[in-house]
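So the chains spell out like this:
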Amino acid sequence: MSILKRAKKEKVEEKPKLTPVQPKTGVQKNKDLSIDFSEMDKEVKKPPAFRSIIRVVDMLIQQAYASRSSDIHMDPEEKVMRIRFRIDGVLHDVYEFPRELNSEIITRIKVLSGLRTDEHFATQDGRLRVKMPDESFVDVRISIAPTYFGENCVMRLLTDHSKDFSLESLGFSEINLKKIERAIKKPYGLILATGPTGSGKTTTLYMVLKKLNNPEVSIVTIEDPIEYSLPGVDQIQVNRKTGLLFSTGLRSILRQDPNIVMVGEIRDSETATIAVNAAMTGHLVLSTLHTNDAPTTLPRLLDLGVEPFLIASTLNIAIGQRLVRTICEDCKVKKVLSKDEMDALKDSVPPKLLGDNKVFYRGEGCPRCSDSGFKGRIGIHEIIEITEKIRTLMMQRANADQIRRVAIEEGMVTMLEDGFNKAVAGRTTIEEVLRVFHE
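Because the structure is a prediction, the values reported are computed rather than measured. (Residues numbered from 1 in each chain as written. Predicted model: local features only at pLDDT ≥ 70, side-chain atom pairs only at ≥ 80, totals over all residues. Heavy atoms only, no water.)

A. A look at the overall build of the chain. Tallying secondary structure elements over the chain gives 16 helices and 15 strands in all. In terms of C-alpha radius of gyration, the chain reaches 24 Å, essentially the compact-globule figure of 22 Å for 439 residues. When its C-alpha atoms are laid out on the principal axes, the chain stretches across 70 × 60 × 40 Å. Counting only contacts in the chain whose residues sit at least 6 apart along the sequence, the fraction spanning at least 24 positions is 64%. When the accessible surface of the chain is totalled, it reaches about 21800 Å², and 50% of it is carbon and sulfur. Measuring between centres, the 65 positive side-chain charges of the chain sit 2 Å from its 62 negative side-chain charges. (Helix = DSSP H or I, 4+ residues; strand = E, 2+ residues; numbered from the N terminus. Rg over C-alpha atoms; globule rule 2.2 N^0.38 Å. Contact = heavy atoms within 4.5 Å. Areas by Shrake-Rupley, 256 points an atom, 1.4 Å probe, with all protein chains shown as cover. Lys, Arg positive; Asp, Glu negative; His and termini not counted. Charge placed at Lys NZ, Arg CZ, Asp CG, Glu CD.)

Set out below in structure tokens:
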């Protein structure tokens, strides 16, 4: 449904509710996705004495992998255990187990990931590796927490696609690629990828490391968790039990005199200060920061206690990004907006940017994309390159709006504009671009 019409329709339609499932069946299939749970249905319907929870958990992970899911959410409710897959960044209800299977499934996951099976009132984190039918291995990160109706579980599938990616394939425009190229050619400085959780920041930094990786330089990373394995790079995993945090790990890394350092995330003032000082003393430092856009990066570093002159002298670029779903190429069709839709769009898109563009694209849905109309994701970006004008604003502790205004004057393409250009080119839908800004 068009995001432009959704608001009107939601006023007259109630949100559909999940149909309660009787314990004997335990199945709730999402009609918007073509995911086959028939084999798991057969296993769940067997009498308890003949049912294999081992097979049920294995099939659930395999089905998530086959449907390109990044996460499995297992949420206990009063009568059922609801299963949701996050596919291309969006959660979908896909299955419901009978309520009594909740503890058995959670216990099996605890056993696989080496967690305590007798602990039910504390959060636990673990990891496991699963062999898929295609002989590949998938690392799965586990997070279990107690809730009102029992323990829930979120499983993140860390599929290593780093070999298939490049900065170009992540959706960077030509103008933004040139900015990144200029920044990584400098022997020292700070490169920051910013955005909310799940916006692809770490993947962007991995692709930068792939470009920089050669036998002549020493590259060390400290991450939580290590998502992709990069040959030739020393990767360190954060371990809170042993006191190995971003700040303490970064101090140790700098004693080894690397050329390039990647810090998984700047979370506190101590890590921020060490990272900035490292960038000032001849290291190229890459990291991520949680902000809404690129201009907010500078005030955020000030909030973390970094002095303005240090930011101005070390920051090379700040990359702001989001992920949008790409239209399935097998079922892509043109879509001409009506006058009402154009008028509604003017409330969200600046008239100067919208212009006379009326032709966009959408996916009708087909078996290749599980009838969703989307397949895969791509980034929309904005990159601030630190020029003399912006450096002066940073020294004056300017706010994000002032920095944004000057950056646009100097040629920065905003995320909304980058997303709109991708919608016009048929890589994503205009509704999808607006969703990531307004959801």
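B. Representation of the nonpolar core. Counting residues in each nonpolar core, the largest one holds 40 residues, and the members touching the most others are Ile 311, Ile 384 and Ile 390. No other element matches the 6 residues that helix α8 (residues 269-280) contributes to this core. Setting aside residues no more than four positions away along its own chain, Ile 390 makes contact with Leu 298, Ile 384, Glu 385, Ile 403, Val 406, Ala 407 and Glu 410. Of all hydrophobic cores here, the second largest spans 35 residues; its members include Val 44, Leu 60, Met 74 and Ile 105. (Core = buried A, V, L, I, M, F, W, Y, C linked by side-chain atoms within 4.5 Å. Buried < 20%, exposed > 50% of the residue type's maximum accessible area, 1.4 Å probe, protein only.)

C. Highlighting the sheet that holds strand β8 (residues 219-223). Pairing in this open sheet of 7 strands is mixed, and the strands run β9-β8-β10-β11-β7-β12-β15 from one edge to the other. Of all strands in the sheet, those bounded by a partner on one side alone are β9 (234-237) and β15 (374-385). The average angle at which neighbouring strand axes cross in this sheet is 20 degrees, direction not considered. Relative to β9, β8 is paired through 4 bridges, and the arrangement is parallel. Its bridge partner being in β9, Thr 221 is matched across the sheet by Gln 235. Running at roughly 165 degrees to strand β11 (residues 284-289), helix α6 (residues 201-212) makes contact with β7 (189-194), β8, β9, β10 (260-263), β11 and β12 (315-327) of the sheet. (Pairing = 2+ DSSP bridges. Axes fitted to C-alpha atoms, helices over the stretch in contact; angles between N-to-C directions.)

D. Layout of the domain arrangement of the chain. By the assigned domains, the chain splits into domain 1 (37-158) and domain 2 (167-438). Centre-to-centre, using C-alpha coordinates, domain 1 lies 32 Å away from domain 2. Between domain 1 and domain 2, the residue contacts involve 7 residues of the former and 10 residues of the latter. Carbon and sulfur atoms make up 47% of the area that domain 1 and domain 2 hide from each other, which totals about 790 Å². Connecting domain 1 to domain 2 are 0 salt bridges. Applying the counting criterion to the domain 1 and domain 2 interface returns 2 residue pairs in polar contact (both at pLDDT 80 or more). (Domains from an automatic or database assignment. Buried area = accessible area lost by both parts, 1.4 Å probe. Salt bridge = Lys/Arg side-chain N within 4 Å of Asp/Glu carboxyl O. Polar contact = N/O pair within 3.5 Å; in protein donor to acceptor, adjacent residues only side chain to side chain.)

E. Representation of the packing of aromatic side chains in the model. Taken as a whole, this structure holds 5 aromatic pairs when the rule is applied. Judged by centre distance (6.2 Å) and plane angle (50 degrees), the ring pair of Phe 37 and Phe 85 falls under tilted. On the criterion of sequence distance, the pair formed by Phe 37 in the loop between α1 (3-12) and α2 (38-45) and Phe 85 in strand β2 (residues 80-87) is long-range, its members being 48 residues apart. A relative accessible area of 0% places Phe 85 in the buried class. Judged by centre distance (5.0 Å) and plane angle (50 degrees), the rings of Phe 37 and Tyr 95 are tilted. With Phe 37 in the loop between α1 and α2 and Tyr 95 in strand β3 (residues 90-98), this residue pair connects regions lying 58 residues apart in the sequence. Under the relative-accessibility criterion, Phe 37 is labelled buried at 4%. Taken together, the ring pairs connect Phe 37, Phe 85, Tyr 95 and Phe 97 into an aromatic cluster. For Arg 325, the ring lying beneath its charged end belongs to Phe 374, and the centroid distance is 4.1 Å. (Phe/Tyr/Trp six-rings, centres within 6.5 Å; stacked < 30°, edge-to-face > 60°. Lys NZ or Arg CZ within 6 Å of the ring centre and 35° of its normal.)

F. Region of interest: the packing of helix α15 (residues 415-424) against helix α16 (residues 430-438). Where α15 meets α16, the closest approach of the two axes is 8 Å, and the angle between their N-to-C directions is 160 degrees. The angle between α15 and α16 places the two elements in the roughly antiparallel class. Seen from above, α15 lies across α16 with right-handed handedness. For the pair α15 and α16, contact is made by Met 415, Leu 416, Gly 419, Phe 420 and Ala 423 and by Ile 430, Val 433 and Phe 437, respectively. Grouping the constituent residues of the contact of α15 with α16 by class yields 7 nonpolar, 1 polar and no charged. (Parallel < 35°, antiparallel > 145°, perpendicular 65-115°, else oblique. Left-handed = near helix turned anticlockwise from the far one by under 90°. Nonpolar A, V, L, I, M, F, W, Y, C, P; charged D, E, K, R; others polar.)

G. The arrangement of the pairing of strand β5 (residues 137-147) in detail. The pairing of strand β4 (residues 124-131) with β5 spans 8 bridges and is classified as antiparallel. By the bridge assignment for β5, Arg 127 is matched with Arg 141. With antiparallel pairing between neighbouring strands as the criterion, β4 and β5 make up a hairpin whose turn holds 5 residues, including Glu 135 at a positive phi of roughly 75 degrees. In the sheet, β5 pairs with strand β6 (residues 150-158) via 9 bridges, with the strands oriented antiparallel. Note that in β6 the partner of Val 140 across the bridge is Leu 157. Taking the residues between adjacent antiparallel strands as the criterion, β5 and β6 are bridged by 2 residues.

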